[in-house]
Amino acid sequence: MGKVVSLDDHRPHNSGQAKCLGCKHEWFAVAPVDIHGNLECPSCGLSKGEFSGNFFPSDAETYQCSTCGNDLWLVLRDGIFCRGCGATTSLEDL
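A brief report on the enclosed structure follows. Being a predicted model, the structure only gives us computed values, none of them experimental.

**Some words on the overall build of the protein**
1) Next: Looking only at helices and strands, one finds 0 helices and 6 strands in the protein.
2) Next: Put simply, the protein runs from its N terminus to its C terminus through helices and strands in the order β-β-β-β-β-β.
3) Next: Per-residue burial over the protein gives 22% buried out of 94 residues.
4) Next: A total accessible area of about 6,800 Å² is found for the protein, and carbon and sulfur atoms account for 50% of it.

So this is what it looks like as C-alpha cells:
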C-alpha cells in the first residue's frame, strides 16, 4: 500500500483516476494543479502515469493505438505519436 499524505500540505491539487502507460496499472492519483501527466506509477515506478479522462469532455471522440491500446497522443508536424509505445502514424496514412 502507498504512503498516506495530508492533502492540505499539497493544495491546490488535481485528483482522479490515473493509468500508467507502461504497465497499465490504475490508481487514484493526486498531483499539484500544474502537473497533468508524467505521474510516477506506484506499481512500476515509471513516470508514465496519466489522469484518465480527467481533462477532456466525456463525450469526446477518442482513438486507441492499434499497437498498445493507449488513447493519449501527441500530434506532431509529420504524424501522430503514441505516448504509450512510441509508435508514430504518418498523417498521410490517416
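**Considerations on the sheet that holds strand 6 (residues 88-90)**
1) Next: Strand order in the open sheet made by the 3 strands is 4-5-6, with antiparallel pairing throughout. Two strands lie at the open edges of the sheet, namely strand 4 (73-76) and strand 6, each paired on one side alone. Averaged over all pairs of adjacent strands, the angle between strand axes in this sheet comes to 20°, irrespective of strand direction.
2) Next: In this sheet, strand 6 lies alongside strand 5 (residues 79-82) in antiparallel orientation, the contact comprising 3 bridges. Bridge assignment links phenylalanine 81 to a residue of strand 6, and that residue is threonine 88.

**Observations regarding the environment of valine 33**
1) Next: One can find valine 33 in the loop between strand 2 (26-32) and strand 3 (49-51).
2) Next: Through-space distance from the C-alpha of valine 33 to that of histidine 13 is 4.7 Å; in sequence the pair is 20 residues apart.
3) Next: When neighbours within four sequence positions are excluded, valine 33 is seen to be in contact with Pro12, His13 and Asn14.

**Notes on the environment of arginine 83**
1) Next: In this structure, arginine 83 sits in the loop between strand 5 and strand 6.
2) Next: Given a relative accessible area of 26%, arginine 83 falls into the partly exposed group.
3) Next: In this structure the C-alpha to C-alpha distance between arginine 83 and leucine 21, which are 62 residues apart in sequence, comes to 7.3 Å.
4) Next: A distance of 3.2 Å separates polar atoms of two side chains, one belonging to arginine 83 and the other to asparagine 38.
5) Next: Here glutamate 50 takes part through its side chain, which lies 2.7 Å from a polar atom of the side chain of arginine 83.

**Some details on the nonpolar core**
1) Next: Residues Ala18, Cys20, Trp27, Ala29, Ala31, Leu39, Cys41 and Phe51 constitute the largest nonpolar core, which totals 8 residues.
2) Next: Where this core is concerned, the elements lending two or more residues are strand 1 (13-20) and strand 2.
3) Next: When residues in this core are grouped by element, the largest group, 3 residues, is from strand 2.
4) Next: In this structure alanine 29 touches Asn14, Ser15, Gly16, Ala18, Leu39 and Phe51, once residues within four positions along its chain are discounted.

Rules used in this analysis
- Residues numbered from 1 in each chain as written.
- Predicted model: local features only at pLDDT ≥ 70, side-chain atom pairs only at ≥ 80, totals over all residues.
- Heavy atoms only, no water.
- Helix = DSSP H or I, 4+ residues; strand = E, 2+ residues; numbered from the N terminus.
- Buried < 20%, exposed > 50% of the residue type's maximum accessible area, 1.4 Å probe, protein only.
- Areas by Shrake-Rupley, 256 points an atom, 1.4 Å probe, with all protein chains shown as cover.
- Pairing = 2+ DSSP bridges.
- Axes fitted to C-alpha atoms, helices over the stretch in contact; angles between N-to-C directions.
- Contact = heavy atoms within 4.5 Å.
- Polar contact = N/O pair within 3.5 Å; in protein donor to acceptor, adjacent residues only side chain to side chain.
- Core = buried A, V, L, I, M, F, W, Y, C linked by side-chain atoms within 4.5 Å.

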